[in-house]
Amino acid sequence: MVRAKVVIRNLTGLHLRPAGVLCNKAILYKSRIQFQTSSTTANAKSVLSVLGACVKNGDEIEFICEGEDEQEALDSMIRVVEDGLGE
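First things first, this report covers the structure right here in the doc. (Residues numbered from 1 in each chain as written. Predicted model: local features only at pLDDT ≥ 70, side-chain atom pairs only at ≥ 80, totals over all residues. Heavy atoms only, no water.)

**Concerning the pattern of salt bridges**
So, point 1. Across all of its chains, the model carries three salt bridges by this definition.
So, point 2. Notably, a salt bridge pairs Glu62 with Arg3, separated by 3.3 Å at the nearest N-O pair. Of this pair, Glu62 sits in strand 4 (residues 60-66) while Arg3 sits in strand 1 (residues 2-7); the two residues are 59 residues apart in sequence, bridging distant segments of the chain.
So, point 3. Residue class for Arg3 comes out partly exposed when judged on its relative accessible area of 43%.
So, point 4. Note that Glu68 and Lys30 form a salt bridge whose closest N and O atoms lie 3.6 Å from each other. (Salt bridge = Lys/Arg side-chain N within 4 Å of Asp/Glu carboxyl O. Helix = DSSP H or I, 4+ residues; strand = E, 2+ residues; numbered from the N terminus. Buried < 20%, exposed > 50% of the residue type's maximum accessible area, 1.4 Å probe, protein only.)

Okay, structure coming up:
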């Protein structure tokens, strides 16, 4: 299992479009990919789960990846967030 924290910099947080970008990236990996906020844990492969986490601009999330391609998955999740989630 690998973990890393990242801050969401999208002005509108993880609304539908960036949540879809995040999920589309996550489903490319075999590992289980989740993220934690201060109050919840979300499945990064589920748009409804990501939206339900109510992540806003400036929130810190911690990705947790577990499985055969966990490090590659974690690196990809961090990169997609740092690149702005398509916005």
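**So, the state of the cysteines**
So, point 1. All chains considered together, the criterion is met by zero disulfides.
So, point 2. Cys23 provides the cysteine sulfur closest to Cys54, a residue in no disulfide bond, and the two sulfurs are 14 Å apart. (Disulfide = S-S within 2.5 Å.)

**Description of unusual backbone geometry**
So, point 1. In the Ramachandran plot, Cys54 falls in the positive-phi region, its phi being about 55° despite a non-glycine side chain.
So, point 2. Turning to its location among the elements, Cys54 is positioned in the loop between helix 2 (47-52) and strand 4.
So, point 3. For Leu85, which is not a glycine, the phi torsion comes out positive at approximately 55°.
So, point 4. Tracing the sequence through the fold places Leu85 in the segment after helix 3 (70-82).
So, point 5. For Leu85, a relative accessible area of 1% translates into the label buried.

**A closer look at the nonpolar core**
So, point 1. Among the nonpolar cores identified, the biggest contains 26 residues, and Leu14, Leu22, Ile33, Phe35, Phe63 and Val81 are the most heavily contacted of them.
So, point 2. For this core, the secondary structure elements donating two or more residues are strand 1, helix 1 (16-26), strand 2 (32-36), strand 4 and helix 3.
So, point 3. Looking at this core element by element, the count peaks at six residues for helix 3.
So, point 4. The contacts of Ile33, once residues within four sequence positions are left out, are Ala26, Ala42, Asn43, Ala44, Lys45, Phe63, Ile64, Cys65, Ala73 and Met77. (Core = buried A, V, L, I, M, F, W, Y, C linked by side-chain atoms within 4.5 Å. Contact = heavy atoms within 4.5 Å.)

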